[in-house]
Amino acid sequence: MKISVIGTGYVGLVTGTCLAEVGNDVLCLDLDASKIRILREGGIPIHEPGLLEMVQRNVAAGRLHFTTSIEESVAFGQVQFIAVGTPPDEDGSADLQYVTAAARNIGRHMNEYKVVVDKSTVPVGTADKVREALQQELARRGVDTEFSVVSNPEFLKEGAAVEDFMRPDRVVVGADDERAVNLMRELYAPFNRNHDRLVVMDIRSAELTKYAANCMLATRISFMNELANLADKLGADIEQVRLGIGSDPRIGYHFLYPGCGYGGSCFPKDVQALIRAADSIGMPLKVLNAVEEANETQKRILLEKIKGRFGADLKGKHFALWGLAFKPNTDDMRAASSRVVIEGLWAMGATVTTYDPVAMTESRRIFGNDPRLAYADSPMDTLNNADALVIATEWKEFRAPDFEAVKAALKNPVVFDGRNMYEPARVKAHGIEYFAIGRR
Ligand SMILES: NC(=O)c1ccc[n+]([C@@H]2O[C@H](COP(=O)([O-])OP(=O)(O)OC[C@H]3O[C@@H](n4cnc5c(N)ncnc54)[C@H](O)[C@@H]3O)[C@@H](O)[C@H]2O)c1
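Residues numbered from 1 in each chain as written. Predicted model: local features only at pLDDT ≥ 70, side-chain atom pairs only at ≥ 80, totals over all residues. Heavy atoms only, no water.

1. Structural notes on the state of the cysteines
Any covalent bond linking the sulfur atoms of two cysteines counts as a disulfide.
Phase 1: Evaluation of the coordinates by the stated rule reveals 0 disulfides.
Phase 2: Not part of a disulfide, Cys 260 finds its nearest cysteine sulfur in Cys 266, a span of 18 Å.
Phase 3: Its relative accessible area of 0% is what places Cys 260 among the buried residues.
Phase 4: Of all cysteine sulfurs in the structure, the one in Cys 215 sits closest to Cys 266, which takes part in no disulfide; the separation is 11 Å. (Disulfide = S-S within 2.5 Å. Buried < 20%, exposed > 50% of the residue type's maximum accessible area, 1.4 Å probe, protein only.)

Next up, the structure:
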């Protein structure tokens, strides 16, 4: 099949590459010429395990191409995936300007039947807007070409995106015409070999399903974070509690890890977008509002613990920070807790030296050359002259540090662990003061 992917970011590039991997001809479009240049030069603009090799393999096989030309992209694919960003608007609702611009571009140039597939996370009713934009552009040209609009939300996780796309738990397809459903079945057949993973439904339900999934996961996290804070106060150990409740199959062990708040490009904005969408029709979502509020508080939990130990005036103090990415295996720092920690420490007068295996380039892009933030070549190199160590991302390479060396390098042997990486007793046995989230 010939497929165009509009928007070559985390979702678009993974989608296009995985579809090429199973034999399709794919053209990825982005308006950001620098991304397309990197891809054409044989690199990738993001960090995603396994993606670079797959991109290179499919480019070499002649199945994967990149362009900045809208005209070329519209002419290329019978299937047109829209995978552009849907960032939060000023009030938190999803900003649909990129989605509608992509739809208009298709309408301006299409001359034969196309299936326009919305892969971006979009509020209920967006497919109608996409259809309207297409119709308006076709009418303006006096062209009467058929098209279908499909909602096909993406569930991949950054850091495991290739694996998730190649072996999806489910593929949600929202469509209202048989022709489009059949095309989507054919398109996803190679990812369906073990058992049928396609869940076909109406378009509005498909649009809501994506928000429901992310909001459910965010709810579990915020719930566990609040319980962890309570455990801290009550002298209980949240890890014991996690094991105690996770064994119930109705609850399960997944996504019950407390920490210093969820971040990333999806949960914060999707929670906000669903809240705003519900508000706009006069149906406030009480649970989700609480989920968001709890997360905002949780992102400051490390700062509160630091204040509790060192006081609110941190002038002249220096902190080591392990981890910048919002989670391991990605360089994405959108809404990362590390940013709240860095800015909070700065606000109290402190400086920071940090290390992250892949996100330091992204951090430099965000913070520029601010002299209050230095970068080290290894986790241990951050510790010299630091008053304490703070951990914001649970990278594998932080799992088993030499605690004696950590203690020796720090001015004060104090660790604030926002990701509960260690057994408290083990750390304390080295004479280190250990502050985790809900751990005894
Ligand atoms: N990142 C994730 O883990 C993830 C997972 C599931 C769903 N999603 C959803 O997928 C969508 C894309 O997310 P992302 O993280 O890939 O975003 P991203 O910011 O990494 O990529 C979006 C890309 O679209 C390009 N773009 C914008 N307008 C364009 C246009 N009119 N034509 C061509 N290109 C255009 C941008 O230049 C950018 O490169 C969002 O709605 C997001 O919520 C993201």
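From this point, the discussion proceeds with the structure in view.
2. Section: the layout of surface pockets
Phase 1: The space that makes up the second largest pocket amounts to roughly 230 Å³.
Phase 2: The set of elements that each furnish at least two residues to the lining of the second largest pocket consists of helix H9 (203-234) and helix H11 (267-280).
Phase 3: With 4 residues, the top contributor of residues to the lining of the second largest pocket is H11.
Phase 4: Broken down by class, the residue content of the lining of the second largest pocket amounts to 10 nonpolar, 1 polar and no charged. (1 Å grid on protein atoms, 1.4 Å probe; cavity = no way out; pocket = protein on both sides within 12 Å on 5 of 7 lines; lining within 4 Å. Points joined across faces, edges and corners; volume = space filled by probe spheres on them. Helix = DSSP H or I, 4+ residues; strand = E, 2+ residues; numbered from the N terminus. Nonpolar A, V, L, I, M, F, W, Y, C, P; charged D, E, K, R; others polar.)

3. Observations concerning empty space enclosed by the protein
Phase 1: The tally for this structure, following the rule as stated, stands at 1 cavity of 30 Å³ or more.
Phase 2: Lining the largest cavity, in full, are Asp 118, Ser 120, Thr 121, Val 122, Ser 151, Pro 153, Glu 207, Lys 210 and Tyr 211.
Phase 3: Examining the composition of the lining of the largest cavity, we find that 3 residues originate from one element, H9, more than from any other.
Phase 4: Its residues assigned to classes, the lining of the largest cavity comprises 3 nonpolar, 3 polar and 3 charged.

4. Considering H11
Phase 1: Look at H11: 20 Å from first C-alpha to last across 14 residues, which is about the 20 Å you get at 1.5 Å a residue.
Phase 2: Where H11 is buried, its residues meet H9 and helix H12 (286-298).
Phase 3: Directly beyond the C-terminal end of H11, a positive phi value near 70° is found at Gly 282. (Expected span 1.5 Å × (residues − 1). Contact = heavy atoms within 4.5 Å.)

5. A short note on the site of the ligand
Phase 1: Around the ligand, the structure places 24 residues, and the nearest of them are Asp 30, Lys 35, Thr 86, Glu 158 and Lys 269.
Phase 2: Between the ligand and Thr 86, the relevant distance is 2.5 Å, taken from an oxygen atom to a side-chain nitrogen or oxygen of the residue.
Phase 3: Separating a nitrogen atom of the ligand from a side-chain N or O atom of Glu 158 is a distance of 2.7 Å.
Phase 4: Its residues assigned to classes, the shell around the ligand shows 9 nonpolar, 7 polar and 8 charged. (Near = heavy atom within 4 Å. Polar contact = N/O pair within 3.5 Å; in protein donor to acceptor, adjacent residues only side chain to side chain.)

6. Here we look at the nonpolar core
Phase 1: Among the nonpolar cores identified, the biggest contains 57 residues, and Phe 319, Leu 345, Leu 389 and Tyr 422 are the most heavily contacted of them.
Phase 2: In this structure, Tyr 422 is in contact with Trp 322, Ile 391, Phe 398, Arg 399, Pro 401, Phe 403, Asp 417, Val 427, Tyr 434 and Arg 439, ignoring residues within four places of it in sequence.
Phase 3: Counting residues in hydrophobic clusters, the runner-up holds 41 residues, among them Ile 46, Leu 51, Met 54 and Val 115. (Core = buried A, V, L, I, M, F, W, Y, C linked by side-chain atoms within 4.5 Å.)

Honestly, it's all geometry; don't read function into it.
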